[in-house]
Amino acid sequence: MAIDRVIDSQQLNKGEEEFNVSLRPKTLDECIGQLNIKEKISIAITAAKQRGEPLEHILFYGPPGLGKTTLANIVAIEMGSKLRSSSGPALNKQGDVMGLLSNVNEGDVLFIDEIHRLSTPVEEFIYPAMEDFKVDFTVDSGLHAKTINFPLKRFTLIGATTRAGLISAPLRGRFGMLYHVDFYSQGELAEILNRSANLLKLECENGTLELIADRSRGTPRVANRLLKRVRDYAQVKGSGVLSCDIVEKALKMEQIDSLGLDELDRSFLRALAEVYDGGPAGIDAIAATLGEERDTLEDVVEPYLLQVGFVRRTKRGREITRHACRHLGITLSEKKKAQPELFEQDD
Ligand code: ADP
């Protein structure tokens, strides 16, 4: 059975989504961190506005919850344009894309989340729209099939993906700007939490937001979600004020450890260590052992474990590192410890 997790940043329920939207920064100035991306976007926006042209197409890639959708919204607001959103899985047929494109006005921003999940025919249909702002739409089929050339208004496509590697070279080549959205530092997360706490009118004692930031896996969405859990705990078990003691107790109840790992992360590492002797093990095998989707492991578990150096990806599969074993108090079998290559780049 799949493990329910506080940090799963893909499947959001409606309440969660509303909570996220309410805390989402609306301008580049309000947006914390990602300085490099913000500077480049700011220059591109100013230049496009001066020329009176739409912005070039942008691709944001990186793990979930780091602000790709937020940045797309900010670009639209800063350009003074309207944002229309869809996602790769929702655009099944050419007709779905046609519906979206035919409603686009001059300068609008079209946001496609999970753009790596577009089918090849839909992707190829989009190429001329991105390049020449026109599409060749086929109506009817068989003998009666007709291709109509449809001119479009000039728009900006913003794609977001957690899997840059799955984007085809022709699609990637049609984006003028490609930005890797990276994990946030503890200081940046504390700043994001401070902004959220102010919006939620939460009273916080010194050091509490830094404690939550430490456990947020470098991810703003996780930080805000943990803040929400801690707020509930403080309200029910305390006076509503966030203290270090309340934060520690609330996070312990959520089974979040000192590095922000939760039960699913620990199960992943334990499976690698105990079932596969530390690895290498294929991601499908680990997914089968845990009863989880491969995509969940690749999108929401592995990126952070790789980032903190707990897992290594090799051609033969995933391997656990000595660092991870120490954190979890796991001892590998004697046979495995005798294989120095498992720990070759460790520490
Ligand atoms: P993604 O699209 O990459 O999955 P989102 O844009 O939905 O991530 O971000 C998740 C939440 O994290 C947002 O609702 C917002 O509240 C917060 N967030 C993301 N990036 C930032 C940022 N740079 N500054 C402040 N809050 C942020």
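Residues numbered from 1 in each chain as written. Predicted model: local features only at pLDDT ≥ 70, side-chain atom pairs only at ≥ 80, totals over all residues. Heavy atoms only, no water.

**Considerations on the site of the ligand**
Threshold: Near, as used in this document, describes a residue that has one of its heavy atoms within 4 Å of the molecule or strand being considered. Exposure was quantified through the Shrake-Rupley algorithm and a 1.4 Å probe, taking into account, for residues, occlusion by the shown protein chains and nothing else. The helix count covers DSSP runs of H or I at least four residues long, the strand count covers runs of E at least two residues long, and both are numbered beginning at the N terminus. Under the scheme applied here, ten amino acids are nonpolar (Ala, Val, Leu, Ile, Met, Phe, Trp, Tyr, Cys and Pro), four are charged (Asp, Glu, Lys and Arg), and all others, including Gly, are polar. Note: domain ranges come from an automatic or database domain assignment.
Around the ligand sit 18 residues in total, of which Ile32, Gly65, Lys68, Thr69 and Thr70 are the nearest. Out of a free accessible area of 570 Å², the ligand has 97% covered by protein chains. Every element with two or more residues in the shell around the ligand is listed here: helix 1 (14–23), helix 3 (68–79) and helix 9 (220–237). Within the shell around the ligand, the residues separate by chemical class into 9 nonpolar, 6 polar and 3 charged. Of the residues that make up the shell around the ligand, three or more belong to each of domain 1 (34–180) and domain 2 (186–253).

**Focus: the side chain of Gln34**
We apply this condition: Accessible area is worked out with a 1.4 Å probe on protein chains only. A residue is then buried under 20% of its type maximum, exposed over 50%, and partly exposed in between. Contacts were defined at the residue level, with two residues in contact if any of their heavy atoms lie within 4.5 Å.
Along the chain, Gln34 falls in the loop between helix 1 and helix 2 (35–51). You can call Gln34 buried: its relative accessible area is 11%. Filtering out sequence-adjacent residues up to four positions away, Gln34 remains in contact with Leu66, Val181, Asp182, Tyr184 and Glu188.

**Some points on the packing of helix 4 (residues 94–102) against helix 5 (residues 120–132)**
What describes two packed helices is the angle between their axes and the distance between those same axes. As a reminder, the rule being used: For helices, the axis comes from a line fit to the C-alpha atoms of the stretch in contact; other axes are also lines fit to C-alpha atoms, and the angle between any two N-to-C directions lies between 0 and 180 degrees. Every angle not falling under 35 degrees, over 145, or within 65 to 115 is termed oblique; those three ranges are roughly parallel, roughly antiparallel and roughly perpendicular. Two helices crossing with the near one rotated counterclockwise from the far one by less than a right angle form a left-handed crossing, whereas a clockwise rotation gives a right-handed crossing.
Axis separation between helix 4 and helix 5 bottoms out at 9 Å; the angle between their running directions is 30 degrees. Comparing the axis directions of helix 4 and helix 5 gives the class roughly parallel. Between helix 4 and helix 5 the crossing geometry is right-handed. Together, Gln94, Val97, Met98 and Leu101 of helix 4 and Pro121, Val122, Phe125, Ile126 and Ala129 of helix 5 make up the contact between the two elements.

**Details of helix 12 (residues 283–290)**
Condition: In this description, one arc is meant: the one made by directions from the helix axis to the C-beta atoms.
For helix 12, the complete set of buried residues consists of Ile283, Ile286, Ala287 and Leu290. End-on, the buried residues of helix 12 take up no more than an arc of 100 degrees, which puts them together on one face. Close packing links the buried residues of helix 12 with helix 11 (263–275), helix 13 (294–307) and strand 9 (317–320). Where helix 12 ends, the next residue or the one after it, Gly291, has phi of about 70 degrees, a positive value.

**A look at the pairing of strand 9**
Stated precisely, the cut-off is as follows: Should DSSP find at least two bridges between two strands, the strands are taken to pair.
The pairing of strand 8 (residues 311–314) with strand 9 spans 4 bridges and is antiparallel. Bridge assignment links Arg313 to a residue of strand 9, and that residue is Arg318.

**Some thoughts on the nonpolar core**
Convention followed: Buried Ala, Val, Leu, Ile, Met, Phe, Trp, Tyr and Cys residues form a nonpolar core when they are joined through side-chain atoms within 4.5 Å.
Core analysis: the largest hydrophobic core is formed by 74 residues, its most contacted members being Leu55, Phe60, Ile212, Phe268 and Leu269. By residue number, the principal contributor to this core is helix 9, which donates 7 residues. Not counting the four nearest positions on each side in its chain, Phe60 is found in contact with Ile37, Ile41, Lys68, Leu71, Ala72, Ile158, Gly159, Ala160, Thr161, Tyr179 and Val181. Residues Leu101, Phe133, Phe155 and Ile167 belong to the second largest nonpolar core, which totals 26 residues.

**A few points about the domain arrangement of the chain**
Basically, it comes down to this: Two parts lose some accessible area (1.4 Å probe) when they are put together, and adding that loss for both gives the buried area. Salt bridges are defined by distance alone: a side-chain nitrogen of Lys or Arg within 4 Å of a carboxyl oxygen of Asp or Glu. Identification of polar contacts relies on pairs of N or O atoms within 3.5 Å, with a donor-acceptor requirement for protein atoms, meaning one able to donate a hydrogen and the other able to accept it, and with residues adjacent in sequence counted only if both atoms are side-chain atoms.
Domain parsing of the chain yields domain 1 (34–180), domain 2 (186–253) and domain 3 (263–342). Computed from C-alpha atoms alone, the centre-to-centre distance between domain 1 and domain 2 is 36 Å. Every contact between the two is made by 4 residues of domain 1 and, on the other side, 5 residues of domain 2. Both sides of the domain 1 and domain 2 interface together cover about 310 Å² of buried area, and 51% of this is carbon and sulfur. Contact with domain 2 buries surface across domain 1, with Pro64, Gly65 and Leu66 losing the most and accounting together for 84% of the total. Inspection of the region where domain 1 meets domain 2 yields 0 salt bridges. Put simply, domain 1 and domain 2 have 1 residue pair in polar contact (both at pLDDT 80 or more) between them.

**With respect to the packing of aromatic side chains**
Basically, it comes down to this: Here a Phe, Tyr or Trp ring, Trp counted by its six-membered ring, pairs with any other such ring whose centre lies within 6.5 Å, and the pair is stacked when the planes are under 30 degrees apart, edge-to-face when over 60, and tilted otherwise. Charge over a ring is defined by NZ of Lys or CZ of Arg lying within 6 Å of the ring centre and within 35 degrees of the ring normal.
Counting across every chain of the model gives 4 aromatic pairs. Relative to Phe155, the ring of Phe133 has its centre 5.5 Å away and its plane inclined at 80 degrees; by these criteria the two rings are edge-to-face. Residue Phe133 is located in the loop between helix 5 and strand 4 (134–139), and its partner Phe155 is located in the loop between strand 5 (146–151) and strand 6 (156–161); the two are separated by 22 residues in the primary sequence. Judged on exposure class, the residue Phe133 and its partner Phe155 are both buried. Positioned above the aromatic ring of Tyr127, the side-chain terminus of Arg174 is 4.0 Å from the ring centre.

**Topic: unusual backbone geometry**
Keep in mind that most residues, glycine aside, have a negative phi and that most peptide bonds are trans. Following Gly279, the chain continues into Pro280 via a peptide bond in cis, with omega recorded as 5 degrees. When you line up the elements, Pro280 lands in the loop between helix 11 and helix 12. One non-glycine residue with positive phi stands out, namely Gln34, at about 50 degrees.

**Re the packing of helix 11 against helix 13**
Running from amino to carboxyl end, helix 11 crosses helix 13 at an angle of 80 degrees, the nearest separation of the two axes being 11 Å. It follows from the interaxial angle that helix 11 and helix 13 lie roughly perpendicular. Of the residues in helix 13, those touching helix 11 at Leu264, Asp265, Phe268 and Leu269 are Leu297, Val301, Glu302 and Leu305. A per-class count over the contact of helix 11 with helix 13 returns 6 nonpolar, no polar and 2 charged.

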